[in-house]
Amino acid sequence: MSRGLNSLFLADLKDGILTPVLERVLKDHTLDFQIRDDEVHIYYRGGQLSSIKPATAKEKYSVSFDKNYLKGSDLDVDLVPEITDAETAELCVSTFQSLKLAMDFHFARQQKNEREFQQLVSRENSYSSLSNKTDYFIVDIEFENKTEDVTTKFDCIAIKWPSVSAARRDPNNNKLKLAIVEIKYGDNALAGKSGLVDHLDKTYNCLRNNGVLENITSTTLKQFNQKRELGLVHFSKNGNQNEITHLPAKPEFIFLFSNHDPSSSTLSNEIDSAAFKVSFEKLQEYADVRFAVSSFMGYGLFEECVLTLDDFKKVLKAQAS
C-alpha cells in the first residue's frame, strides 16, 4: 500500500492550521520538507529539524524535535509539543530559527557532510531555480522500505522525467522512470560494510521480492503528487498540468560520488573487483545501474551525466591520467 498524508492532513497544510508551517518551508530553501506515512519531516542541513504527525485527539498534531541538537549549547528554546490551531502553528514556526542555530552549533562539533550534501541534491533537483531544467526530481530522502525479510534504506528516491518538452507533455509518461540514488561522500565508505557492493546486494535483495518495486513506485508517486499539490516541486513559470500516474520502465539505481579524490585508487579498485562485478550483474536484472557525474560544478542531475558503467570507467581513467 502506498504511503502518504491523509486528506485532512493535506488540507490542513494547504489551507488549515498547519499552513504557517508550509508557508515557512516555501519561504526558506534551507529547509527540506519530506512526506512520510501520515507524518512530515522537516530537515535542515541534512538533520531532522522537526517532525509533525496527527495527535491522538482529532484536529491536533504532535511536534517533535531531536533534543540531542540542543546538547552542548546554552540556547534556551521553548519547544512547541503540539499544534492545535493557527496560533500554535505560528509559535512552532517561530522556534525554527533558534533550532537551526542549535543545529549549526551541533554540526560544527559533529559534521554530517553526506547528509548535508544529500539535502543540497534534493533542493537543486526539486525546488531550486533550476530544478525544472534537470532531468530528475528528488521525491524523498532517507527513504525506508520494510518487508518481512529485510528493511532497506535509500539515500534518495527520484523520478526521472526528462526536461525536454516532448517528455514533459507526454500524457502516457513513457519516458519516466523510478530512480534510486545512493550518495557516497568522499572515499572512506566505498568498500566493506555500507560500501558499493553492500548497497548493490541490499538493493538486489529488496527489488527481487514480489511486490516491493510496485510498493516503492506507488509510494513515490503519491509523495510526488502530494508535493506538487503543496507547491513543493518547482516547475516552469506556467507550471505543468501533466499528471504522473505510473512509472512504466525498469528503474535506475544511481551511485552519486561526491568529492572523490582523483589520486585515490579506492573507487577504481572497488569497481574493478570480482565482488562488484557479481553484485552489479545481479542487480542489473532488476534495475539499470548508473553513475552520476556533475555538469561542470553543481548538484543538478542531468540525463547526459548519468552514465553506464563502461562510460563511467572512461571518466575515471581520464581523471586519473
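Residues numbered from 1 in each chain as written. Predicted model: local features only at pLDDT ≥ 70, side-chain atom pairs only at ≥ 80, totals over all residues. Heavy atoms only, no water.

(A) The arrangement of helix H5 (residues 113–124) in detail. For H5, built from 12 residues, the straight-helix expectation of 16 Å at 1.5 Å per residue is met to within 8% by its first-to-last C-alpha distance of 17 Å. The set of residues buried in H5 consists of Phe117, Gln118, Gln119, Val121, Ser122 and Glu124. Elements that come into contact with the buried residues of H5 comprise strand E1 (31–35), strand E2 (40–44), strand E6 (136–146), strand E7 (151–160), strand E8 (177–185) and strand E9 (252–258). (Helix = DSSP H or I, 4+ residues; strand = E, 2+ residues; numbered from the N terminus. Expected span 1.5 Å × (residues − 1). Buried < 20%, exposed > 50% of the residue type's maximum accessible area, 1.4 Å probe, protein only. Contact = heavy atoms within 4.5 Å.)

(B) Geometry of the sheet that holds strand E10 (residues 288–292). Pairing is mixed in the open sheet, where six strands are placed in the order E6-E7-E8-E9-E10-E11. A strand with exactly one partner marks an edge of an open sheet, and here the two such strands are E6 and strand E11 (306–307). Relative to E11, E10 runs antiparallel, the two being bridged by two bridges. Paired with Phe291 across the two strands is Leu307, which belongs to E11. Against the sheet, H5 contacts E6, E7, E8 and E9, and its axis sits at roughly 145 degrees relative to E8. (Pairing = 2+ DSSP bridges. Axes fitted to C-alpha atoms, helices over the stretch in contact; angles between N-to-C directions.)

(C) Molecular detail of the sheet that holds strand E5 (residues 82–83). Strand order in the open sheet formed by five strands is E1-E2-E3-E4-E5, with antiparallel pairing between adjacent strands. On the outer flanks of this sheet lie E1 and E5, each paired with one strand and no other. Here strand E3 (residues 47–54) pairs with strand E4 (residues 61–64) via four bridges, running antiparallel. Paired with Ile52 across the two strands is Val63, which belongs to E4. Strand contacts of helix H4 (residues 96–109): E1, E2 and E3, with the helix running at about 140 degrees to E3, the strand carrying the most contacts.

(D) Seen up close, the pairing of E10. Extensive coverage of E10 is indicated by the burial of five of its five residues. The alternating pattern of E10 places Asp288, Arg290 and Ala292 on one face and Val289 and Phe291 on the opposite face, and all of these are buried. Sheet analysis places E9 next to E10, joined by five bridges and oriented parallel. Bridge pairing in E10 places Glu252 opposite Asp288.

(E) Seen up close, the pattern of salt bridges. Counted under the stated rule, the structure contains 18 salt bridges. Note that Glu229 and Lys14 form a salt bridge whose closest N and O atoms lie 3.0 Å from each other. Highlighted residues: Glu229 in helix H8 (residues 212–229) and Lys14 in helix H1 (residues 7–15), separated in sequence by 215 residues. Lys14 sits in the partly exposed class, given a relative accessible area of 40%. Taken together, the shared-partner salt bridges connect Lys160, Lys177, Lys250, Glu252, Asp288 and Glu303 into one network. (Salt bridge = Lys/Arg side-chain N within 4 Å of Asp/Glu carboxyl O.)

(F) Highlighting the confidence of the model for the protein chain. Looking at the protein chain as a whole, the pLDDT averages 91, with 98% of positions reaching at least 70. Here helix H6 (residues 165–169) stands out as the element of the protein chain with the lowest mean pLDDT, 88, in contrast to helix H10 (residues 274–284), whose mean of 98 is the highest. (pLDDT = per-residue confidence, 0-100.)

(G) The arrangement of the nonpolar core in detail. Ranked by size, the top nonpolar core spans 40 residues in total, and within it Ile159, Ile216, Phe224, Ile271, Phe276 and Phe291 carry the most contacts. Considering each element in turn, this core owes the most residues, six residues, to helix H7 (residues 196–207). With sequence-adjacent residues up to four places away left out, Phe224 is seen in contact with Phe137, Val139, Ile159, Trp161, Val233, Phe235 and Ile244. In this structure, Ile42, Val77, Cys92 and Ala102 belong to the second largest nonpolar core, which totals 35 residues. (Core = buried A, V, L, I, M, F, W, Y, C linked by side-chain atoms within 4.5 Å.)

(H) Spotlight on the packing of aromatic side chains. Per the stated rule, a full pass over the model turns up 19 aromatic pairs. Considering the side-chain rings of Phe255 and Phe257, the 5.8 Å spacing of their centres and the 20 degrees angle between planes classify their relative orientation as stacked. This pair shows no difference in class: Phe255 is buried, exactly as Phe257 is. Their ring planes at 25 degrees and their centres at 5.9 Å tell us that Phe276 and Phe280 sit as a pair that is stacked. Residue Phe276 and its partner Phe280 are located together in helix H10, separated by four residues, close to a single helical turn. The class of Phe276 is buried, set by a relative accessible area of 1%. Residue classification places Phe280 among the buried residues on the basis of a relative accessible area of 9%. One aromatic cluster in this structure is built from Phe253, Phe255, Phe257, Phe291 and Phe312. (Phe/Tyr/Trp six-rings, centres within 6.5 Å; stacked < 30°, edge-to-face > 60°.)

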